[in-house]
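# Architecture at a glance
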Amino acid sequence: FILGETCSALLLFISIMTMFMSGVVAIFEYDLKKIIALSTLSQLGMMMFSISLGLYELALFHLLTHALFKALLFLCAGILIHGAGNTQDIRSFGGLSLNFPLVTVCMNLANLSLCGVPFLAGFYSKDLIVELACQYSWGIFVLLMMFICLSLTVLYSVRLTYLSFVGPYGGGTSISVCESDYSLVGPVVILSFTSLVSGPILSWLNFPAPVLIFLPVFLKWGALFFVGVSLLVMLSLQGLTYSYKWGAVSKFSGLMWFLPWLTGQGFSMKTLKNA
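Values in this document were obtained by computation on a predicted structure and should not be read as measured data. (Residues numbered from 1 in each chain as written. Predicted model: local features only at pLDDT ≥ 70, side-chain atom pairs only at ≥ 80, totals over all residues. Heavy atoms only, no water.)

## Examining the UniProt feature "transmembrane region" (unreviewed entry) in the protein
- Mapped onto this structure's residue numbering, the UniProt feature "transmembrane region" (unreviewed entry) falls at residues 7–28, 34–56, 63–82, 102–124, 136–158, 184–205 and 217–237.
- As annotated, residues 102–124 comprises 78% helix and 0% strand, and the C-alpha atoms at either end are separated by 25 Å. (UniProt positions renumbered as here; feature names shortened; annotations may be inferred. Helix = DSSP H or I, 4+ residues; strand = E, 2+ residues; numbered from the N terminus.)

## Considerations on the pattern of salt bridges
- Applying the stated criterion across every chain, the model contains one salt bridge.
- A salt bridge links Arg91 to Asp89; the nearest nitrogen and oxygen atoms lie 2.9 Å apart.
- For Arg91, a relative accessible area of 39% gives the class partly exposed.
- For Asp89, a relative accessible area of 25% translates into the label partly exposed. (Salt bridge = Lys/Arg side-chain N within 4 Å of Asp/Glu carboxyl O. Buried < 20%, exposed > 50% of the residue type's maximum accessible area, 1.4 Å probe, protein only.)

## Remarks on the packing of aromatic side chains
- A complete count under the given rule lists three aromatic pairs for this structure.
- Note on Phe119 and Phe123: the rings are 6.2 Å apart at their centroids and 50° apart in plane angle, and the pair reads as tilted.
- What makes Phe119 exposed here is its relative accessible area of 62%.
- Of the aromatic side chains, those joined through ring pairs into one cluster are Phe119, Phe123 and Tyr124.
- When the ring centre of Tyr30 is taken as reference, the NZ or CZ atom of Arg91 above it lies at 4.1 Å.
- Above the plane of the ring of Tyr30 lies Arg159, whose end atom (NZ or CZ) is 4.7 Å from the centre. (Phe/Tyr/Trp six-rings, centres within 6.5 Å; stacked < 30°, edge-to-face > 60°. Lys NZ or Arg CZ within 6 Å of the ring centre and 35° of its normal.)

## What to know about helix H6 (residues 140–166)
- With 27 residues, H6 should reach 39 Å at 1.5 Å per residue; the first-to-last C-alpha distance of 37 Å fits that figure.
- Of all 27 residues in H6, 20 are buried; the element is thus mostly enclosed. (Expected span 1.5 Å × (residues − 1).)

Next comes the structure, spelled out in structure tokens:
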């Protein structure tokens, strides 16, 4: 029993730090595919967080819903990269909603589902994990870190939407002919539909009995409060990301907190030099 509690606590710490690290790194990242990959890492941390609390069925439920809207997000990103002259730098996008209206709607739908907006696919799994996690007595630190990680998801998702579709034109080339190719937009439309209806359908299949959760008011409003704060932080970071004092933080985040070098690159560089 003690060993199980220790493994659960260790998994809880690793999953929380994984969500936090991937969220912070995604804020300072400009590669479109890397941002989406980091969001996948964050959601994997959410699944491990659910497993550490003993919520195995919820982890599987979040895995299924996340697979649908994340596949939609990657397909939309591929269309944008193909239509923007094979560039992945979101700073060269800007105003793509005019050239890619359908992809803009579908990608924003996937982003909103990723953020856990009510009645989309991601809401049914993420909200249930968060509310059940609030009932565990792990302490205020775990709850605070969980809400911060949720707000980081909103922050980098809104930042991606702003720089890609709403912000000023970045100077890159873009062609809108991609949306006339049904082999590209067909799967996107189908996955957009699944991002709308898969949440309640999978919820009814996995949990036939309704669940009633009672929480204090401040915990109910906690997620909304942190989401609002993250939006304000995103607006302030837009003008600070290029400044000098954020350069070291941006470089540190761009190197993934030196984890690739510590885990594999440092060893592989030495072995390849000796080869």
